[in-house]
Amino acid sequence: MSWWADDTEDDEPYADYDESSIRVRPNPKGNRPRTKIRPGHSDAVPGQILGVDRGRFTVLLDADTDAERTITATRARELGKKAMVTGDRVRLVGDVSGHEGTLARIVSIDERRTLLRRSADDTDAVERVLVANADQMLIVIAAANPEPRIRLVDRYLVAAFDAGIRPLLCVTKTDLADPGEFLHNFAGLSVTTFLSGEGSFPVEEITAELLGHETVFVGHSGVGKSTLINALVPSAERATGVVNTVTGRGRHTSSSTVSLRLRDGERSGWVVDTPGVRSFGLGHVNPDNIVRSFTDLAEIALECPRGCTHRADAPDCAIAQAVREGRLGDVGAARIDSLHRLLETFAT
Ligand SMILES: Nc1nc2c(ncn2[C@@H]2O[C@H](COP(=O)(O)OP(=O)(O)OP(=O)(O)O)[C@@H](O)[C@H]2O)c(=O)[nH]1
Ligand SMILES: [Zn+2]
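Residues numbered from 1 in each chain as written. Chains lettered and ligands numbered in written order. Predicted model: local features only at pLDDT ≥ 70, side-chain atom pairs only at ≥ 80, totals over all residues. Heavy atoms only, no water.

Draft legend 1. How the structure looks around the packing of helix H3 (residues 203-210) against helix H4 (residues 225-232). Here H3 crosses H4 at 80 degrees, and the two axes come no closer than 10 Å. Here H3 is positioned roughly perpendicular relative to H4, judged by the angle of their axes. Taking contact as the criterion, the partners of Val 203, Ile 206, Thr 207 and Leu 210 in H3 are, on H4, Leu 228, Ala 231 and Leu 232. The class makeup of the residues in the contact of H3 with H4 is six nonpolar, one polar and no charged. (Axes fitted to C-alpha atoms, helices over the stretch in contact; angles between N-to-C directions. Helix = DSSP H or I, 4+ residues; strand = E, 2+ residues; numbered from the N terminus. Parallel < 35°, antiparallel > 145°, perpendicular 65-115°, else oblique. Contact = heavy atoms within 4.5 Å. Nonpolar A, V, L, I, M, F, W, Y, C, P; charged D, E, K, R; others polar.)

As structure tokens, this is what we get:
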């Protein structure tokens with residue numbers, strides 16, 4: 001079954017080609033990416049991709065200095081078909097002034113700390129890269145209208161865990177329904193959860209959790225993701241700082257993935273909005289990455305028989321054994337239930 005809506009205008013034409021050379025393993029510790037500058041481009045300057053639109057990249061240069069500016073860039077031919085996406089740290093040459101009508105060239109992509117991907121559907125080997133370098137994912141789900149779906153959240157969680165990204169949950173529209181029962185399904189995951197309702201957006205709490213991070217926002221259409229983002233990031237900044245001056249199209253179009261800067265005094269963070277991305281095909285997911293995100297269970301999994309799937313029907317699974325013996329305390333049962341559910345999310 002594909003949950004992936006066919007609205008991929010945000011992907012640049014080459015986004016299908018995620019070459020193994022630029023694929024990195026999830027790195028939850030978030031070590032600094034090593035930089036790769038090609039010989040011959042020793043004059044290349046670093047930048048951060050804030051958005052992509054029809055092969056043109058909006059790139060932020062000299063961030064947090066007097067010279068901060070966004071410029072428009074294109075890919076250098078030598079980069080071939082390597083995918084470049086919002087969040088990528090890149091090196092540029094050419095006219096990097098940002099003056100109207102100028103176009104810089106991106107000559108290399110820094111190593112990524114994380115990469116959020118989706119396959120077209122669960123059985124499809126073709127995958128698209130969506131967002132680079134995010135270290136958090138805020139899953140936005142409505143308490144009602146649209147009705148919350150456990151499976152949908154599970155799929156987001158699997159995509160986050162697979163990529164080594166920390167998931168956070170925000171339940172919106174709590175003025176319409178009590179999300180208590182729904183949230184009970186995720187009790188075993190210890191995911192930080194925010195509740196948001198008409199007139200009571202938890203802006204301060206969410207901001208505190210986003211500062212110093214790059215957080216990709218995901219959610220089904222209509223859950224109130226845009227409303228939440230507008231509350232977190234004043235729209236003036238959104239309009240001027242990111243897409244506006246660069247694409248010349250005057251507006252942030254709802255189909256493209258963009259990075260928006262969240263500020264609180266001196267501190268900042270990045271909100272990466274992914275409109276039009278309703279869910280993820282999970283065909284590329286590695287079950288080991290899911291187990292690894294349950295650090296307590298992963299340790300016990302080392303005692304499992306070789307090739308153990310750790311699923312509910314796995315014989316002699318050490319995790320199941322540990323839970324039965326009470327080694328994981330009261331939360332053990334909930335944790336293993338969550339693990340089983342997530343493993344089944346893409347195994348079926
Ligand atoms: N009752 C209630 N309505 C809300 C709340 N947050 C947002 N809404 C409404 O829900 C509708 C959808 O909100 P949006 O912010 O456009 O939702 P979205 O998730 O960005 O949806 P797309 O733009 O389709 O991606 C709007 O009519 C909002 O006014 C809330 O906390 N309570
Ligand atoms: Zn096992």
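From this point, the discussion proceeds with the structure in view.
Draft legend 2. Summary view of the nonpolar core. The biggest cluster of nonpolar side chains holds 53 residues, and the ones touching the most others in it are Leu 116, Met 137, Leu 157, Phe 280, Ile 290 and Ile 319. The biggest single contributor to this core is helix H1 (residues 150-163), with nine residues. For this core, the domains that each give at least three residues are domain 2 (115-273) and domain 3 (287-347). Not counting residues within four places of it along the chain, the set of residues in contact with Ile 319 comprises Leu 297, Ile 300, Ala 301, Cys 304, His 310, Ile 336 and Leu 339. (Core = buried A, V, L, I, M, F, W, Y, C linked by side-chain atoms within 4.5 Å. Buried < 20%, exposed > 50% of the residue type's maximum accessible area, 1.4 Å probe, protein only. Domains from an automatic or database assignment.)

Draft legend 3. Molecular detail of H3. Among all positions of H3, only Ile 206, Thr 207 and Leu 210 are buried. Down the axis of H3, the buried set is contained in an arc of 100 degrees. They therefore lie on one face. Facing away from the buried side of H3, by more than 90 degrees, are the exposed residues Glu 204 and Ala 208. Positive backbone phi, approximately 80 degrees, marks Gly 212, located one or two places after H3. (Arc of directions from axis to C-beta.)

Draft legend 4. Here's a closer look at the packing of aromatic side chains. A complete count under the given rule lists two aromatic pairs for this structure. Relative to Phe 294, the ring of Phe 161 has its centre 5.9 Å away and its plane inclined at 55 degrees; by these criteria the two rings are tilted. Note that Phe 161 is positioned in helix H1 and Phe 294 in the loop between helix H6 (287-293) and helix H7 (295-301), a separation of 133 residues in sequence. A residue is classified by how much of its surface remains accessible, and Phe 161, at 10% relative accessible area, is buried. (Phe/Tyr/Trp six-rings, centres within 6.5 Å; stacked < 30°, edge-to-face > 60°.)

Draft legend 5. The arrangement of the coordination of the zinc ion (ligand 2) in detail. Summarising the metal site, the zinc ion (ligand 2) is bound by the protein donors Cys 304 (SG), Cys 308 (SG), His 310 (ND1) and Cys 317 (SG), whose distances to it range over 2.1 to 2.4 Å. Taken together, the four donor atoms surrounding the zinc ion (ligand 2) define angles of 101 to 119 degrees at the centre, an arrangement classified as tetrahedral. Motif for the zinc ion (ligand 2), donor spacing along one chain: C-x3-C-x1-H-x6-C. Like His 310, Cys 304 is buried. (Donors = N, O, S within 2.8 Å, 3.2 Å for Na, K, Ca; no water. Tetrahedral: all angles 85-135°; square planar, octahedral: opposite > 155°, others 65-115°.)

Draft legend 6. Just the pattern of salt bridges, in detail. According to the stated counting rule, one finds 16 salt bridges in the structure shown. The closest approach of N and O atoms between Asp 154 and Arg 341, which form a salt bridge, is 2.7 Å. Of this pair, Asp 154 sits in helix H1 while Arg 341 sits in helix H9 (residues 332-347), placing them 187 residues apart in sequence. Residue classification places Asp 154 among the buried residues on the basis of a relative accessible area of 0%. Among the salt bridges present, the one from Arg 327 reaches Glu 303, with a minimum N-O distance of 3.4 Å. Residue Arg 327 is found in the loop between helix H8 (318-324) and H9, and its partner Glu 303 is found in the loop between H7 and H8; the two are separated by 24 residues along the sequence. Each of Asp 64, Glu 68, Arg 261 and Arg 263 takes part in one network of salt bridges that share partners. (Salt bridge = Lys/Arg side-chain N within 4 Å of Asp/Glu carboxyl O.)

Draft legend 7. View of the environment of Ala 67. You can see Ala 67 is positioned in the loop between strand S2 (56-61) and strand S3 (69-75). Residue classification places Ala 67 among the partly exposed residues on the basis of a relative accessible area of 38%. Between the C-alpha atom of Ala 67 and that of Ser 97, which follows or precedes it by 30 residues, the distance is 9.6 Å. Residues contacting Ala 67, with those up to four places away along its chain left out, are Leu 61 and Asp 62.

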